[in-house]
Amino acid sequence: MPVTQPEWFSDLDAWWSPAVGEDVARHVEPVGIDDHIRLHVRCSSSAWRTQTRLLGTSLTARVNELLAPKTKITGIVIQAASGALPQVIRDRWPDIVGEDLADQVEPTMLGAQGQELCTLAVSAEARDEAGRRAPEILARIRELIGEGCAITRWSPSSLLPVVVLVTGSPEVTDRQAVEDVLLQIWHDTVQVAGTEHTLILEHGCETAVDRFVSEWVGRLELPDDVGLISAPMAADTAHHYDQAARLRDQQLTARRPDLCVAIVRHASEVLPLEKQASAAGIPVQRVLLP
């Protein structure tokens with residue numbers, strides 16, 4: 001569906017940045033409005049697409065507050081493409097940013113209508129060092145692309161989120177035991193990655209464990225600067241259930257999460273998502289509940 005940019009659209013500082021905050025604005029860029037008055041956006045990574053999808057309703061309400069009375073959007077559509085990052089930047093990234101940072105900071109997209117380079121960093125140290133080198137990095141990019149280069153700004157890197165798949169046996173119904181596991185996952189993430197990394201718990205929508213994950217995160221009522229997200233993903237009901245669940249599990253593992261946690265009642269039980277993760281080379285942690 002084609003999108004257009006009405007007259008009010010270009011003033012992003014008046015409605016988009018205040019609506020989503022600086023961190024989101026660096027990695028989620030408005031593209032245009034379609035015939036159904038839905039706002040189309042593109043995101044710098046699958047993790048940001050997940051976060052935007054989860055925040056869709058609240059973002060729509062906030063945008064409408066700031067746009068009133070000019071217009072009222074009916075929803076947010078997340079485009080699959082992540083942005084027009086010139087291939088030469090990816091190809092020459094070690095030369096641009098330095099060999100020591102090339103695998104620590106990843107170029108993701110161009111924001112601010114193609115003027116700002118957005119990146120993700122694996123650590124706060126890598127993020128800060130890349131920020132110090134930003135003037136040199138931008139100069140090298142301009143040399144590579146030439147006079148037509150529109151990139152003039154460096155977007156401070158966000159940190160890569162920690163993504164954990166959570167799957168549970170249909171026989172697991174002990175809410176407290178599941179919440180104890182989730183709390184341990186969160187604690188371990190903070191210990192290993194630090195407090196600045198967002199923890200995304202991806203899971204299905206079928207079992208009590210799936211419900212416990214969503215309800216636990218929602219009940220915590222965390223402040224905005226604490227990154228903990230429940231990301232449920234339903235199986236596509238257009239397919240037979242078993243096939244739909246298998247396709248969904250393939251999509252979850254294809255995004256290369258950091259860990260899969262399988263909560264089971266019997267040592268011999270192997271859950272479908274756990275099996276998919278193991279086959280994809282994703283570390284699996286099994287938790288046997290009594």
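Located above this text is the structure these notes cover.
Residues numbered from 1 in each chain as written. Predicted model: local features only at pLDDT ≥ 70, side-chain atom pairs only at ≥ 80, totals over all residues. Heavy atoms only, no water.

Focus: the sheet that holds strand β1 (residues 28–33)
The strands making up a sheet associate through backbone hydrogen bonding, with each pair oriented either parallel or antiparallel. The sheet built from three strands is open, its strands ordered β1-β2-β3 with mixed pairing. Edge positions in the sheet fall to β1 and β3 (75–79), since each has one partner strand and no second. Direction aside, the axes of adjacent strands within the sheet are offset by 35° on average. For β1 and strand β2 (residues 38–43), the ladder comprises five bridges, and the chain directions are antiparallel. Across the sheet, the residue bridging to E29 is R42, located in β2. In this fold helix α1 (residues 12–20) packs onto β1 and β2, with an angle of close to 130° to the strand it touches most, β1. (Pairing = 2+ DSSP bridges. Helix = DSSP H or I, 4+ residues; strand = E, 2+ residues; numbered from the N terminus. Axes fitted to C-alpha atoms, helices over the stretch in contact; angles between N-to-C directions. Contact = heavy atoms within 4.5 Å.)

Structural notes on the pattern of salt bridges
Enumeration over the complete set of coordinates arrives at 15 salt bridges. Among the ionic pairs, R42 bridges to E29, the shortest N-O distance being 3.4 Å. Of this pair, R42 sits in strand β2 while E29 sits in strand β1, and the two are 13 residues apart along the sequence. Judged by relative accessible area, E29 falls into the buried class, the value being 3%. Residue E116 is joined to R153 by a salt bridge in which the shortest nitrogen-to-oxygen separation is 3.6 Å. One end of the pair, E116, is in strand β5 (residues 116–121); the other, R153, is in strand β6 (residues 153–154), with 37 residues separating them in the sequence. The buried category is assigned to E116, whose relative accessible area is 13%. (Salt bridge = Lys/Arg side-chain N within 4 Å of Asp/Glu carboxyl O. Buried < 20%, exposed > 50% of the residue type's maximum accessible area, 1.4 Å probe, protein only.)

Some thoughts on helix α9 (residues 175–193)
Taking 1.5 Å per residue as the helical rise, α9 with its 19 residues ought to reach 27 Å, and the 27 Å between its terminal C-alpha atoms agrees with that figure. Listed as buried for α9 are A177, V178, E179, V181, L182, I185, W186 and T189. Tucked inside the fold, the buried residues of α9 contact β8 (162–168), β9 (199–203), α10 (208–220), β10 (228–232), β11 (259–264) and β12 (284–288). One side-chain oxygen at the N-terminal end of α9 lies 3.2 Å from the backbone nitrogen of Q176; it belongs to D174. Taken from the residues just after α9, G194 is the one with a positive phi, measuring 100°. (Expected span 1.5 Å × (residues − 1). Polar contact = N/O pair within 3.5 Å; in protein donor to acceptor, adjacent residues only side chain to side chain.)

Considering the side chain of E269
Mapping E269 onto the fold places it in the loop between β11 and α12 (272–279). Within the buried set, E269 has no salt-bridge partner at all; the shortest N-O distance to an opposite charge, 6.5 Å, is to R286. (Lys, Arg positive; Asp, Glu negative; His and termini not counted.)

Looking at the packing of aromatic side chains
Ring pairs (aromatic) are described by centroid distance and by the angle formed between their planes. Scanning the model with the defined rule gives five aromatic pairs in all. Centre to centre, the rings of W15 and W16 are 5.9 Å apart; their planes meet at 65°, and the pair counts as edge-to-face. W16 gets classed as buried once you look at its relative accessible area, which sits at 2%. (Phe/Tyr/Trp six-rings, centres within 6.5 Å; stacked < 30°, edge-to-face > 60°.)

Observations regarding the nonpolar core
Ranked by internal contacts, the top residues of the largest apolar core, which has 23 residues, are V164, V166, L182, I185, L199, L201 and I263. Counting residues per element, the ones that place at least two in this core are β8, α9, β9, α10 and β11. Once you skip the residues sitting within four places of it in the chain, L199 turns out to touch V162, V164, I185, W186, T189, G227, L228 and I229. (Core = buried A, V, L, I, M, F, W, Y, C linked by side-chain atoms within 4.5 Å.)

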